[in-house]
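# A closer look at the structure
One-letter residues, chain by chain:
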Amino acid sequence: MEYPSKLVENAVNEISRLPGIGKKTALRLVLHLLKEDENTTYALTESLNDLRSKTRYCRECQNISDADLCQVCQSHRRDRSIICVVEDTRDVLAIENTAQYQGLYHVLGGVISPIEGVGPAELNIEQLLRRIKEPGAQVKEIIFALSPTMEGDTTAFYLTKKLSEFNLEISTIARGIPIGGELEYADEITLGRSILSRTTYHRD
Ligand SMILES: [Zn+2]
């Protein structure tokens, strides 16, 4: 594609790196920004800079947080004996929206995927083990709420082996969710029910 200027081309290249945005869409966005008041662009770049430089992760569950501890981990009303293990922040939001779960979370930051070069060391697995081992820890049950994909299953299998040295109940959310469907797209009622009717995890 020919661009009217190097500046436009650079902006198009950067924006089109985002998932789901091709060069055409990026060009449309760039031209839109040039037409808008310049404050629109400044506000956008400032919010993105802040997002990168100021976003923190909860020291317990590794979810995105404004503070050292996220609101869920801070709350006195949550059941500290259960940790629900999820892939990312979107899953926490999906499960919180069901209002059916009162335990804590642990955000792995992905799932094991050899094809994409994601191994256990790239995930927040050590932090999970630390939470279970730490003095005064009350964890009795771990629930896997991972996508029903090969990567999700591999991750659950790996974690179960890692967790076998602790005396924990390990369960997985009931699969009311269509195979290959991702957790974040499951409707709230189905997801809420699948947490309540979770089943003991069997390694086989
Ligand atoms: Zn937290």
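Residues numbered from 1 in each chain as written. Predicted model: local features only at pLDDT ≥ 70, side-chain atom pairs only at ≥ 80, totals over all residues. Heavy atoms only, no water.

### Remarks on helix H3 (residues 38-54)
- With 17 residues, H3 extends 24 Å from end C-alpha to end C-alpha; this agrees with the ideal 24 Å at 1.5 Å per step.
- A distance of 2.9 Å separates the backbone nitrogen of Asn39 from a side-chain oxygen at the start of H3, and that oxygen is part of Asp37. (Helix = DSSP H or I, 4+ residues; strand = E, 2+ residues; numbered from the N terminus. Expected span 1.5 Å × (residues − 1). Polar contact = N/O pair within 3.5 Å; in protein donor to acceptor, adjacent residues only side chain to side chain.)

### Considering the pairing of strand E6 (residues 169-172)
- As judged from the four bridges shared by strand E5 (residues 141-144) and E6, these two strands associate in the parallel manner. Paired with Ile142 across the strands is Ile170, a residue of E6.
- In this fold, E5 hands off to helix H7 (residues 150-163), which returns the chain to E6; that crossover is right-handed. (Pairing = 2+ DSSP bridges. Right-handed = clockwise from strand over helix to strand, strands pointing away.)

### Here's the deal with the domain arrangement of the chain
- You can read the domains of the chain as domain 1 (6-54) and domain 2 (68-200).
- If you average the C-alpha positions of domain 1 and of domain 2, the two centres end up 34 Å apart. (Domains from an automatic or database assignment.)

### Comments concerning H7
- Under the 1.5 Å per step criterion, the end-to-end length of H7 is 20 Å for 14 residues, consistent within 8% with the ideal 20 Å.
- All of the buried residues in H7 are Gly152, Thr155, Ala156, Leu159, Thr160 and Leu163. Taken around the axis of H7, the buried residues stretch over an arc of 135°, which confines them to a single face. (Buried < 20%, exposed > 50% of the residue type's maximum accessible area, 1.4 Å probe, protein only. Arc of directions from axis to C-beta.)

### Quick word on unusual backbone geometry
- Its identity is not glycine, yet Gln62 carries a phi of approximately 70°, on the positive side.
- For Ala99, which is not glycine, the phi dihedral falls at a positive 55°.
- Among the structural elements, Ala99 can be located in the loop between helix H5 (89-98) and strand E4 (103-107).

### Let's talk about the layout of surface pockets
- In this structure, the largest pocket occupies an estimated 570 Å³ of space.
- Taken together, 19 residues form the lining of the largest pocket, with Ile15, Leu33, Thr41, Leu44 and Thr45 sitting closest to its centre.
- When residues in the lining of the largest pocket are grouped by element, the largest group, six residues, is from H3. (1 Å grid on protein atoms, 1.4 Å probe; cavity = no way out; pocket = protein on both sides within 12 Å on 5 of 7 lines; lining within 4 Å. Points joined across faces, edges and corners; volume = space filled by probe spheres on them.)

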